[in-house]
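The lines below spell out each chain.
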Amino acid sequence: MAEDEVVNKINSDLKGIVQNVESSRARRIKIEVIRESLLDAVQYLINTYGVYHISTISTVDLGESFEVLYHLFGANKLFTVSTKVPKTDPTVNTLTGILPGAILYEREIHDLMGVVAKGHPDLKILVLPDSWGNKGHPLRKDWSLAKYRGEE
Amino acid sequence: MLENLVKWSRIKSPWVIHFNSGGCNGCDIEILAALMPRLDAERFGVLLQGSPRHSDVLVCTGAVTEQMKDRLIRIYEQTPEPKFVIACGTCAITGAMFESYNTHGGIDKVIPVNAYVPGCPPKPEAILDGVVKLLTSLKEG
Amino acid sequence: MAEVTIPIGPQHPALKEPERFLVTVEGETVVGADIRIGHMHRGIEKLAEHRTYIQNLYLTERICGICSFTHTTNFSQVTEEALGLEVPKRGLYLRTLVNELERIHSHLLWLGVAGHEMGFDTLFMYSWDDREIVQDILENMTGNRVNYAYNAIGGVRRDISDSQAQEVLRGMDAIEERMKYYVNVALNEKTILKRTQGIGVLKTEDAKRLCAVGPLLRASNVKDDVRRDDPYAAYGEIPFDVITADTCDVHGQVVVRALEVVESLKMCRHIIKNLPTGDIRVKAPRKVPPGETISHTEAPRGEDIHYLKSNGTDKPERLKVRAPTLANILSVAHMLKGIYIADIPMVVAGIDPCMACMDRVLIVDKDKETSQMVEMDVLRKFGNEWYEKEAHR
């Protein structure tokens, strides 16, 4: 199946949910959704394309907001479902209900970027030291090593 | 007389424990490669030990992460006297490129070090050379 | 029976992701396992934002010392795609060759470690000795045994001469001869069968549900391999089989890894015999135009994924890396449930998390509130003796 067909199919099937669908090259498809419809879009990919594998979750600090990207691999395509969340309310719905493999990745983005997955079973610290406390989220752009060392 | 015997046996059978304090694993496989049949560190009496309580030489790799710092100190304290520490690899010596919020920049920032083996990673021959140099200095000093 | 909690680790002298398993046991049987990782978190993703693309190539190489080449392949691929560079065919073939050599050395290394964990130290010494053949080839080709610095953005750094190509072929012959022995050992040796069959069962649906990757996934009879499903470098042009096993246990993983080495040997020969002529590298500009790219590769341990967002400068806006062991940790926690304490080292070593394995075990008795430190070596010895004493199965 060519990528264009998939893009068109997703566009028509998920009308009203997706904001933009594009394919940058073969086997790469990016789907932009608003955060309320994140689960619907992922569920659609699971049902339609038999996706069962979540590769990881990336987060990008865009200044005023965060972009959260879910990389899903299935049907020989790497789907990226992306959504934007404001910095004042950095929450997304958890994927663990439909993709249990996301448990660790949601804990990771919580640690490093401070994006909270609502409904996650246990959002305890994953990669940072136990003594970290509330010294911020190191991957945010306003977090710097000098500031961190100065506070020490 | 007895002192000489103790010294002699110490030089002839240095038991090592290998500790990764947050390295990339490159040095660690090279340490193991030095113990493998090709180089056979056992001909110098070097034996890899799993427990710090049975070891004389602590071979450390990695830039010491925040989580491993306390454990490194504890392992060092558990090792019986006299003990020797070898910092193996560039990360263990200076922290190398990993100067971040979670690293301490080298083994000697946390515990005293007796010998340094540079390289990223050092070749097994270099690691063996480091161990032999440490033993030679014991013989002299 | 009273439940007892055993934390294993965290001193886990290997890999980027040493983990600490908090294992709850009832008598000899494990009933639950919790995970704590991050002891080797070095903040690489933050460091990458402050370094140029060239420097990042060296940084990503040092994410993991065993599968370093797959990380630089990934990083080169995301950068090349963002730059719109077309890598010359010869460069892609050489990149693929080193990727496969790395898989051979990593799997041989794992085979040895697995042998060590089950008290079969002869296998440990044998396979590590044979691994030196690959290490010699890699050193000859790239200049270093580990962390080769062979990848460059836009291709590879060194060309291969005829005599080097002949040496690769000779090495492949030597390893193939030895692999006959290892495959035979993996399939028939009683020690291996007793310690791995039926241990650490991960059913197909569980492997899919928990998003396992690599040999662990393929040992659960799922025919997934990034090299085949999303071909990168020259993988689209090289014939190979995806090896799977239907036993869904640690023995399946041993067999999958052993047979994958044989498959990799064939691929290396194919690459050397069909090596295209031409350049190995194109020159890459220092600044990368804004954009975002994703690349994933099949590392020896499974799928490794890099995500890059560039912003027009010579430094990345964001680099996200997910190494394969992280993806397999959930599966390990699942596999530990229901096994005996004596099998813990085998199951944890099964996913190939590391070498010398975890260092010590703390046994906490909930009722008596006492704790007892146990070295990992002691646990390994306990496991081996436990199996010697009686025929449990």
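In this text the structure is predicted, and so the values were computed from the model without any measurement.

The rules we used
- Each chain has its residues counted from 1, running along the sequence as written.
- Lettering for chains starts from A, numbering for ligands starts from 1, and both go in the order in which the items are written.
- Owing to the predicted nature of the model, reporting of local features is limited to residues with pLDDT of at least 70; listing and counting of side-chain atom pairs is limited to 80 or more, with chain, interface and lining totals taken over all residues.
- Side-chain figures throughout are based on the complete set of non-hydrogen atoms in the structure, without hydrogens or water.
- Note on aromatic pairs: the rings of Phe, Tyr and Trp (six-membered ring only in Trp) are paired at centre separations within 6.5 Å, and the planes decide the class, stacked below 30 degrees, edge-to-face beyond 60, tilted for the rest.
- Only lysine NZ and arginine CZ atoms are considered, and such an atom sits over a ring when it is within 6 Å of the ring centre and within 35 degrees of the ring normal.
- We call two residues contacting when some pair of their heavy atoms lies within 4.5 Å.
- A simple way to read buried area is as the amount of 1.4 Å-probe accessible surface that goes missing from two parts once joined, with both sides added.
- Throughout this description, the term salt bridge denotes a Lys or Arg side-chain nitrogen within 4 Å of a carboxyl oxygen of Asp or Glu.
- Any pair of N or O atoms that falls within 3.5 Å is considered a polar contact. Within protein, one atom must be able to donate a hydrogen and the other to accept it, and sequence-neighbouring residues count only if both atoms are side-chain atoms.
- Secondary structure is summarised from DSSP: a helix means a run of H or I of at least four residues, a strand means a run of E of at least two, and numbering begins at the N terminus for each.

*Asks:* What's the story with the packing of aromatic side chains in this structure? I'm lost.
*Replies:* Aromatic ring pairs are defined here through the distance separating the ring centres and the angle between the ring planes. A complete count under the given rule lists 13 aromatic pairs over all chains for this structure. Pairwise contacts between aromatic rings join A:Tyr44, A:Tyr49 and A:Phe79 into one cluster. B:Lys83 extends its terminal NZ or CZ atom over the ring of B:Tyr76, reaching a point 4.3 Å from the ring centre. Between C:Arg178 and the ring centre of C:Tyr126, over which it is positioned, the NZ or CZ distance is 5.3 Å.

*Asks:* Can you help me understand the interface of chain C and chain B in this one?
*Replies:* Often the size quoted for an interface is simply the accessible area lost on bringing the parts together. Contacts between chain C and chain B engage 43 residues on the former and 40 residues on the latter. Around 3,600 Å² of area is buried between chain C and chain B when both sides are counted, 60% of it from carbon and sulfur atoms. Where chain C packs against chain B, one counts four salt bridges. Our enumeration of links across chain C and chain B arrives at seven residue pairs in polar contact (both at pLDDT 80 or more). For the side of chain C that touches chain B, the secondary-structure elements that each account for two or more residues are helix 1 (44–48), helix 2 (53–61), helix 4 (89–117), helix 5 (121–142) and strand 10 (370–375) of chain C. Of the residues forming the side of chain C that touches chain B, the biggest block, nine residues, is contributed by helix 5 of chain C.

*Asks:* Help me understand the environment of C:Ile137 in this model?
*Replies:* Residues and elements named next belong to chain C. Relative to the helices and strands, Ile137 resides in helix 5. Separated by 33 residues in sequence, Ile137 and Arg170 place their C-alpha atoms 9.7 Å apart. Other than its neighbours up to four places away in sequence, Ile137 contacts Leu101, Glu167, Val168, Gly171 and Met172.

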